[in-house]
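# What the coordinates show
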Amino acid sequence: MRNKFDADEEIEQKLNPHIIMRLFNWIKPYKGKMILSCVIMLLASAISLVSPYLIRMAIDEAIPNENIRLLVILSVILLLSTLVVRILLAQKLKIMTRVAQRIIVTIRKDVFTKLQSLPFNYFDSRPHGKILIRVVNYVNSLSDLLSNGIIQLISDLFTLIVIICFMVAIDPKLTLVAMAVLPVLLIVLISMKKKQHEAWKQESYKRSNLTAYLSESLNGMKVTQSFAREDVNQGIFNGLCDICKKVWIRAVNINNIIWPVVDNLSTLGVALVYMAGIKWIGESTGTGVGVTVGTLVAFAGYIWRFWQPIQNLGNFYNSMVTTGAYVERIFELLDEPEDITDKENAIELPPIRGHVNFDHVNFSYEEGHPILKDVDFDIKPGMTVAIVGPTGAGKTTIVNLLTRFYNPDNGQILIDGLDLQDLQIKSVRKQVGVMLQDSFLFSGTIMDNIRYGRLDATDEECIEAAKTVQAHEFITALPDGYNTMLTANGGGLSQGQRQIISFARVLLSDPRILILDEATSSVDTQTEKLVQIGLNKLLKNRTSFIIAHRLSTIRNADVIFYVEHGVIKERGNHQQLIDLKGEYYKMCTKVNK
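A brief report on the enclosed structure follows.

Attention now moves to the sheet that holds strand E2 (residues 369-379). Spatially, the four strands line up as an open sheet ordered E2-E1-E4-E5, and their pairing is antiparallel. The outermost strands of the open sheet, each flanked by one partner alone, are E2 and strand E5 (418-419). Where strand E1 (residues 356-366) and strand E4 (residues 410-415) come together, five bridges link them in antiparallel fashion. What sits directly across from Phe358, in E4, is Ile413.

In structure tokens:
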């Protein structure tokens, strides 16, 4: 069965200099530590290159001349140099690991900050697992590059140059012999690089699809079990797992082809040096100096060191191409347009009375498909407004515009005479409380969830809010009462209980404008009657917008709007609309039947 998770996430695998330069903006604050690590790495590389030269002196001078003192000195220097290199590398690793993790933390914070400012349609149009991968997997892929890759690149280039200088200084002719297999090595690396890169790219695609499907399955587990779809989902998951396994094995097999070839060619290079060196031992070379056993041993040491940086540079390039693509996806997220932002010189909304005015407002989610058409009303402070109508009429859109989750296409929305688009968004939402039909509780205690919108509230205030919405009784009946730990979205509680706790959370924030979007849809009739008692107290002297289908919730509203096809077709109180015998009357008649 093919599903949406079979599709690969298109990541263009090319090295984009602009993206890499933006990445360096995150590195700039740590440039001092980066330079220090670079100096340490270069120093360690330089010291490590001395050892083959010391071995040559021991073989050619100390041992033949039975110079024990020189041999001891060379041995001590070799031992000390090895210890110093280890210490320097450990210090470099310590510094760069800390720097890399700090950069990773900064990137994660920037990405999460961006996610919280993106409009709803961004999350509605993407599987959440794909978003999660950008925050976790793609950011994690930068860790090794930042902690080792960049410094290693500089070190490898430096090492390569110094090794060639050492080899030429010892014997130019043997240097040419040692480099004879280099073209073959480069041809192999270049020919295999594309296949290797493509294999790991496919592995990252499939892993991304698997993570996205797993995330969606966990979120929808109750639905899965409700429809007895476990076997089907298991089949999809098994298929994705099998694909991940196959592409991973293929990538590993390609790696296992490359590195034996590299090792064999490197060994061949050493063999050629020994063959030429043995032939030239005691003879005159191009420098006029005979090749010695010490020279051969030193060359063998340098040859291994010569090819290692070349291999590392190839690996770094592949890493940069893949990681660069991931970074591009991270920047793509960071560059997502924020449709709802504070305009320049936006002012903070002062304490309000709750006067709301929609002045000929039009709105559409997609151009050419209007949702609201010329919505116009004026609500005085303290009034309760009920909005009713068929599904898709635009009821929730009206209150979404009031909370500035979206901006109107044209017209004005004013609170106490101030245009919403002239106000700071956070200051508006602090004074407008929203209770959605789809209530969501966060991991933590019940007390934490009630206090979510007002962190300075006391326990007593939280409990009083719970009592108002009739939540206190069932909360205290739980084993740990208000300290009962909840999993994500309130696992262990009924939908009605979760909604009532969410209700208490909104009430505690004490908003001047209250929006209830089907706020009592998940509670039973008896509980709704109890909640209504608390609502009557809460709605007093507070501007409120209520979207509901139950007549018990809306019949006492000061004004009722009947909305259909984005137009307010009828308005008035309950009795006035009943007497009108229009659409509202028909709706009430159907409900009573």
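Right, let's get into the nonpolar core. Counting 41 residues, the largest nonpolar core has Ile450, Ile475, Ile501, Ile554, Tyr584 and Met587 as the members making the most contacts within it. Residue contributions to this core peak at seven residues, all from helix H18 (residues 495-508).

Among the five residues of strand E9 (residues 513-517), five are classified as buried, and the element is accordingly described as predominantly covered. Of the two faces of E9, the one lined by Ile513, Ile515 and Asp517 and the one lined by Leu514 and Leu516 are each fully buried. Bridge count between strand E6 (residues 432-435) and E9: four bridges; the pairing is parallel. Counted as the bridge partner of Gly433 is Leu514 from E9. Where E9 lies against strand E10 (residues 543-547), five bridges are found, and the strand directions are parallel. Its bridge partner lying in E10, Leu516 is registered against Ile546.

Residues Lys33, Lys94, Arg98 and Arg102 make up a contiguous surface patch of positive charge. By the element assignment, Lys33 lies in helix H2 (residues 31-48).

What follows covers empty space enclosed by the protein. Applying the stated criterion to the full structure yields two cavities of 30 Å³ or more. Approximately 40 Å³ is the volume found for the largest cavity. Contributing to the lining of the largest cavity are Leu401, Arg404, Tyr406, Asn407, Pro408, Gly411, Gln412, Ile413, Asp419, Leu420 and Gln421. Examining the composition of the lining of the largest cavity, we find that three residues originate from one element, E4, more than from any other.

Glancing now at the pattern of salt bridges. For the structure shown, the criterion picks out eight salt bridges. Here Asp510 and Arg542 are joined by a salt bridge, their closest N and O atoms 3.1 Å apart. One end of the pair, Asp510, is in the loop between H18 and E9; the other, Arg542, is in the loop between helix H19 (525-539) and E10, with 32 residues separating them in the sequence. The class for Asp510 is partly exposed, based on a relative accessible area of 45%. Between Glu564 and Lys569 there is a salt bridge, with the nearest N and O atoms lying 3.5 Å from each other. Relative accessible area serves as the criterion here: at 17%, Glu564 is assigned to the buried category. Overall, Lys569 belongs to the partly exposed group, its relative accessible area being 48%. Where salt bridges share partners, they join Arg454, Asp456 and Glu461 into one cluster.

Turning to the environment of Thr106, a few remarks are in order. Tracing the backbone through its elements, the reader meets Thr106 in helix H4 (residues 68-117). Each C-alpha atom of the pair Thr106 and Trp26 lies 7.8 Å from the other, and the pair is 80 residues apart in sequence. Discounting residues that sit within four places of it in the chain, Thr106 has contacts with Trp26 and Tyr30.

Let us look at the packing of aromatic side chains. For the structure shown, the criterion picks out eight aromatic pairs. Centroid distance Trp26 to Phe331: 5.0 Å. Interplanar angle 10 degrees. Geometry classified as stacked. Of the two residues, Trp26 sits in helix H1 (residues 17-27) while Phe331 sits in helix H12 (residues 293-334), which places them 305 residues apart along the sequence. Take Trp26 and Phe331: they sit in the same class, and that class is buried. Here the aromatic rings of Phe442 and Tyr452 are separated by 4.5 Å at their centres, their planes lie at 10 degrees, and the arrangement is stacked.

Along helix H6 (residues 128-135), six of the eight residues are buried, which leaves the element largely enclosed by surrounding structure. Of the positions making up H6, those classed as buried are Gly129, Lys130, Ile131, Ile133, Arg134 and Val135.

On to a nonpolar patch on the surface. Side chains of Ile68, Val72, Val76, Leu79, Leu80 and Leu83 sit close together on the surface and give an oily, nonpolar patch of about 550 Å² of accessible area. For Val76, the location among the structural elements is in helix H4. Residue class for Val76 comes out partly exposed when judged on its relative accessible area of 40%.

Okay, the sheet that holds E10 next. Consider a sheet: its strands pair through backbone hydrogen bonds, and that pairing is either parallel or antiparallel. Pairing is mixed across the open sheet formed by six strands, whose spatial order is E6-E9-E10-E3-E11-E12. Pairing within the sheet leaves two strands with one partner each, and these edge strands are E6 and strand E12 (567-572). Strand-to-strand twist across the sheet, computed as the mean angle between neighbouring axes with direction ignored, equals 15 degrees. Each of strand E3 (384-388), E9, E10 and strand E11 (559-564) is contacted by helix H13 (residues 395-402), which is oriented at about 150 degrees to E10, the strand it contacts most. The sheet contacts of H18 involve E6 and E9, and relative to E6 the element is tilted by about 180 degrees.

This next bit is on the packing of H2 against H4. For the pair H2 and H4, the least separation of the axes is 9 Å and the interaxial angle reads 155 degrees. Relative to H4, H2 is oriented roughly antiparallel. The two elements H2 and H4 meet at a crossing, and its hand is left-handed. When H2 is examined against H4, the residues Lys33, Met34, Leu36, Ser37, Ile40, Met41, Leu43, Ala44, Ile47 and Ser48 are found in contact with a partner set consisting of Ser81, Val84, Val85, Leu88, Leu89, Gln91, Lys92, Ile95, Met96, Val99 and Arg102. Grouping the constituent residues of the contact of H2 with H4 by class yields 14 nonpolar, four polar and three charged.

Analysis parameters
Residues numbered from 1 in each chain as written. Predicted model: local features only at pLDDT ≥ 70, side-chain atom pairs only at ≥ 80, totals over all residues. Heavy atoms only, no water. Pairing = 2+ DSSP bridges. Helix = DSSP H or I, 4+ residues; strand = E, 2+ residues; numbered from the N terminus. Core = buried A, V, L, I, M, F, W, Y, C linked by side-chain atoms within 4.5 Å. Buried < 20%, exposed > 50% of the residue type's maximum accessible area, 1.4 Å probe, protein only. Patch = residues over 30% accessible without salt bridge, like charges linked within 9 Å, V, L, I, M, F, W, Y side chains within 5 Å. Areas by Shrake-Rupley, 256 points an atom, 1.4 Å probe, with all protein chains shown as cover. Salt bridge = Lys/Arg side-chain N within 4 Å of Asp/Glu carboxyl O. Lys, Arg positive; Asp, Glu negative; His and termini not counted. Charge placed at Lys NZ, Arg CZ, Asp CG, Glu CD. 1 Å grid on protein atoms, 1.4 Å probe; cavity = no way out; pocket = protein on both sides within 12 Å on 5 of 7 lines; lining within 4 Å. Points joined across faces, edges and corners; volume = space filled by probe spheres on them. Contact = heavy atoms within 4.5 Å. Phe/Tyr/Trp six-rings, centres within 6.5 Å; stacked < 30°, edge-to-face > 60°. Axes fitted to C-alpha atoms, helices over the stretch in contact; angles between N-to-C directions. Parallel < 35°, antiparallel > 145°, perpendicular 65-115°, else oblique. Left-handed = near helix turned anticlockwise from the far one by under 90°. Nonpolar A, V, L, I, M, F, W, Y, C, P; charged D, E, K, R; others polar.

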